[in-house]
2 protein chains.
Amino acid sequence: MSVMERTVKLGRDDPRRIIHSLKVGLALTFVSLLYYWRPLYDGFGIAAIWAVLTVVVIFEFTVGATLSKGLNRGLGTLLAGALGVGAQHFASLFGQTGEPIVLGFFVFLLAAASTFSRFFPRIKARYDYGVLIFILTFSLVSVSGYRVEKILELAHQRLSTILIGGATCIFISLFICPVWAGESLHNIIVSNIEKLANYLEGFGGEYFRYEDGENVDEDSKHNKLSSLQAYKTVLTSQSSEESLANFASWEPRHGKFSFRHPWKQYLKIGSLTRQCAYQIESLNGYINVPTEIQVAIQFRRRIEESCNAISSESGKALRILASSIKTMTNPSSSSKTHIENATAAIDELKNTLKTGYMESSDLLGIIPDATVCCILIDIVKSVEKILEAIEELGVLASFKSVEPTVSPEKSTQLLHRGIVNPLFDGECGDHVVIMVDNEVEVGKSHGLEVKPSNGEMVCK
Amino acid sequence: MSVMERTVKLGRDDPRRIIHSLKVGLALTFVSLLYYWRPLYDGFGIAAIWAVLTVVVIFEFTVGATLSKGLNRGLGTLLAGALGVGAQHFASLFGQTGEPIVLGFFVFLLAAASTFSRFFPRIKARYDYGVLIFILTFSLVSVSGYRVEKILELAHQRLSTILIGGATCIFISLFICPVWAGESLHNIIVSNIEKLANYLEGFGGEYFRYEDGENVDEDSKHNKLSSLQAYKTVLTSQSSEESLANFASWEPRHGKFSFRHPWKQYLKIGSLTRQCAYQIESLNGYINVPTEIQVAIQFRRRIEESCNAISSESGKALRILASSIKTMTNPSSSSKTHIENATAAIDELKNTLKTGYMESSDLLGIIPDATVCCILIDIVKSVEKILEAIEELGVLASFKSVEPTVSPEKSTQLLHRGIVNPLFDGECGDHVVIMVDNEVEVGKSHGLEVKPSNGEMVCK
């Protein structure tokens, strides 16, 4: 029963799996026709098994993987076949006794050299299967050539059956509900960025939750927390992204993607996303750290507004960036606006930290909160890097430029970018000097009268 | 030339690669004998190609991978062969026209079902190749059985050649310079922990480097920094660790490792190590952040001693833990002593932070340093977790208990674990109260006279 449930779940999670299984069944049944249908069998004979073998071995989940294996198999077979015939011809010059020794030496040499070449990272990534087939075919041809005289006929039969098998796979995987590695990579990158966006948008609500006042529902809290944890999969997505990018580079033009779509740039975006996920992983360590110390709670309340803004604005920026990749349009100016908002909130936070009057000299209590501030500031930098990489992708893949009809407002309430210095010298008593950068819009500043005055003193 | 250089480098980096290539060549040449040697050829005929095919396909770098593929291939072939003969017999009941239809249906059904089963993560991890061979053999047997009458003889020939090929591979990979997946996993885990230890031991020297006084040699600085970055590979080691652990579970007893060695515990240690590497990744972001603000430099000098101690003591603890895995002895008490030293340094740091008189209320300048403190404190927690996991491993794998002859001294200079409170009330004037926990050794406390006095006031 539990196996049944898991099977259903597996199919429901990704219905393409069911379709893929049916496609493999179809391809195999189709090449079996070679056997059943007498005219074909008479043509190929026993060599028809190679068609079956080819289908089983090269039919992979994505089009790119199937193409990569199919082409590797084809090229490997051709090259090794030619070399094998040559080696066999050369060895025959050495007479009845010399021939097996020379052939054995060739097999040893080529097998060892090819096996070693598989350790080169580049060959490993793209041609591993081709090299395997090369060794296989070379051994088969050079060795069996020693017995079977009709080697060319055999080679012809083998090649045509492999072609039939390969063509069947490629045809079915291309034209019946194709699963594109490129599209999967595209979607994974988008969903990874969205996972980070989710986290950042939810972070403030989780972190600045004060247990004292509210009646917290344990279950909903648990659900909320575990939904935030989705970002964890981003930490370990590197290898699947890399193999998808490799397969994607074998794929022809499909849907929105051209043949030479810049898949490598996706890897770059993926690795920047992962960098950001590492930062979120450290941030996550500070959620649910209880703060009982009064000074810490006071400090936390003071940074709450800015931190919330930094986190949610960078989350929003990421969400827009994700949707810009998804729709293949250039990142709209609104993502930049959100990053600017986040930067403004950072400035605000910095001012709070710079001029913040410490109620006590107890740094210890506020250190976790200070760390959270620091990580949030770093996250904004990462988001900016992701934005840059996506802009590069936009250039490389010629994204469309679509400006949204509604552009989000700059959050003016966060933009009192001035520096508030308590002033204790001279006549001004307990008043304050407010210096405001000239070019920044000024919002309400908590009841203080503010003039943008380029460093001039305001004394009431 | 550059290809040549890279080849030499590849071989020099890991000479086992060269040996592996020669082994594959040897195995292939050996099974080619089946063809060359007439008595053998007369026995097997064309079926001898299966031996060549088996060797090429199942000979992998590690013993575990070869065994896993060999056993998968053997089991898959046997099971599918039996089922194929059964299916063929059953189909023959439906007469000349019904037979291909029934067989085609069977092939479709089994191929689709087996392909789907490959999506189960557990089957994917351990039996992926077996399922592939199952589909392959079932199709071949049920399909070719329709033509070739002598199916049992064929099956017998195929099985024995596969056995010869498989046995050759397993024999050569087991007895000629074997590369054990288990041993590799063991070494990777050890070297990953060592990389973290290197980083932590070198961190203090890099972070607390004040540009003002010294004449820094750019080159040596760069070398030092890049040698520290070795930890980065730990961030992405998950997939290779998992596949090694999978292969290791197929391996027989070898060297120090029994058949049921707890490889899963290695994965646990590996994932804790990776957690710690994520923390180091955030820590690394703060190296080389210039501090020009005076208050920051002052603050940095104040935390320098404790931070250095925390980082280098946890580094030393990790190094001992790594060597405890390496030598398969229980982690000696000295690793605990180092962790205790680090904890003591944390307490010291906390005191500095708690009672530290702030020269200004400028929190902003010191926030990066405060974050470094916070991350270092978290790293010590991670190191403790790694220690626990290694102790578990020690129990599971019955590590030897060897106490080192020389146990490291507790670093007393760091152990003035007392709390120094500035005292401004009453008669004591500008003197201080020093409260010292009773059980802690007390070292020199910068010229202040200290009595371990369980909270009693000392007033001069």
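Look up: the structure comes first, before these words.
What comes next is a walk through the structure. All residue numbers here refer to positions counted from 1 along the written sequence of the relevant chain. Lettering for chains starts from A, numbering for ligands starts from 1, and both go in the order in which the items are written. With the structure being a predicted model, the display of local features is reserved for residues of pLDDT at least 70 and the display and counting of side-chain atom pairs for 80 or more, all residues being used for whole-chain, interface and lining totals. Heavy atoms from the whole structure form the basis of all side-chain values; hydrogens and water molecules are not counted.

1. Considering the relation of the copies chain A and chain B
Item 1. C-alpha atoms of residues with pLDDT of at least 70 in both copies form the basis for the least-squares superposition of the copies. Once chain A is rotated about the relating axis by 180° and shifted along it by 0.0 Å, it coincides with chain B to within an RMSD of 0.0 Å. Between the two chains, the operation in question is that of a two-fold axis. Of every C-alpha in chain A, the one belonging to Thr371 of chain A sits nearest the axis of rotation, 2.3 Å from it.
Item 2. Throughout, a contact is declared for two residues whenever any of their heavy atoms are within 4.5 Å. A high fraction, 100%, of the interface residues of chain A reappear at the interface in chain B, so the copies pair face to face through one surface.

2. Focus on a nonpolar patch on the surface
Residue and element names in this part refer to chain A.
Item 1. A patch is a set of surface residues, each over 30% in relative accessible area and not in a salt bridge, joined within 9 Å for like charges and within 5 Å for the nonpolar side chains Val, Leu, Ile, Met, Phe, Trp and Tyr. To be clear on the numbers: accessible area is Shrake-Rupley with a 1.4 Å probe, and residue cover counts the displayed protein chains and nothing else. We define a salt bridge as a contact between a side-chain nitrogen of Lys or Arg and a carboxyl oxygen of Asp or Glu at a distance within 4 Å. A cluster of nonpolar side chains, contributed by Leu26, Phe171, Phe175 and Ile176, occupies part of the molecular surface with about 400 Å² of accessible area.
Item 2. Segments assigned H or I by DSSP are reported as helices when at least four residues long, segments assigned E as strands when at least two residues long, and all are numbered from the N terminus. Along the polypeptide, Leu26 turns up in helix 2 (residues 16-36).
Item 3. When accessible area is computed with a 1.4 Å probe and restricted to protein chains, residues below 20% of their type maximum are described as buried, those above 50% as exposed, and intermediate ones as partly exposed. Owing to a relative accessible area of 39%, Leu26 belongs among the partly exposed residues under this scheme.

3. Examining the nonpolar core
Item 1. Nonpolar core, defined: a set of buried Ala, Val, Leu, Ile, Met, Phe, Trp, Tyr and Cys residues in which side-chain atoms within 4.5 Å join the residues together. Counting 140 residues, the largest nonpolar core has Ile193, Tyr199 and Leu318 of chain A together with Ile193, Tyr199 and Leu318 of chain B as its most contacted members.
Item 2. Looking at this core element by element, the count peaks at 19 residues for helix 16 (residues 363-396) of chain A.
Item 3. Residues in contact with Tyr199 of chain A, not counting those within four places in the same chain, are Leu228, Tyr231, Ile280, Leu283, Asn284 and Ile287 of chain A.
Item 4. If you look at the next biggest cluster of nonpolar residues, it comprises 80 residues, including Ala47, Val56 and Phe138 of chain A together with Val56 of chain B.

4. Some details on the packing of helix 9 (residues 181-207) of chain B against helix 16 (residues 367-396) of chain B
All names here are of chain B.
Item 1. In this description, a line fitted to the C-alpha atoms serves as the axis of each element, helices being fitted only across the stretch in contact, and the angle between N-to-C directions of two axes falls anywhere from 0 to 180 degrees. For the pair helix 9 and helix 16, interaxial distance at closest approach is 13 Å and the crossing angle is 155°. With respect to each other, helix 9 and helix 16 are oriented roughly antiparallel. As helix 9 packs across helix 16, the resulting crossing turns out to be left-handed. For the pair helix 9 and helix 16, the contacting residues are Ile193, Leu200, Phe203 and Tyr207 in the first and Pro368, Asp369, Val372, Leu376, Ile379, Ile386 and Ile390 in the second.
Item 2. In the contact of helix 9 with helix 16, the residues fall into 10 nonpolar, no polar and 1 charged. Any angle that is under 35 degrees is reported as roughly parallel, and any over 145 degrees as roughly antiparallel; angles of 65 to 115 degrees are reported as roughly perpendicular and all others as oblique. When the near helix sits turned anticlockwise from the far one by under a right angle, the crossing is termed left-handed; a clockwise turn instead gives a right-handed crossing. All residues other than Ala, Val, Leu, Ile, Met, Phe, Trp, Tyr, Cys, Pro, Asp, Glu, Lys and Arg, Gly among them, are scored as polar; the first ten of these are nonpolar and the last four charged.

5. Things to note about the pattern of salt bridges
Item 1. One pass over the full model with this rule turns up 28 salt bridges over all chains.
Item 2. Linking Arg16 of chain A and Asp14 of chain A is a salt bridge whose minimum nitrogen-to-oxygen distance equals 3.0 Å.
Item 3. When the shortest N-O distance is used, the salt bridge between Lys316 of chain B and Glu313 of chain B registers 3.9 Å. One end of the pair, Lys316 of chain B, and the other, Glu313 of chain B, are both in helix 14 (residues 294-327), 3 residues apart, so they sit about a helical turn from each other.
Item 4. The class for Glu313 of chain B is buried, based on a relative accessible area of 6%.
Item 5. Through salt bridges with shared partners, one network takes in Arg118, Lys124 and Asp128 of chain A.

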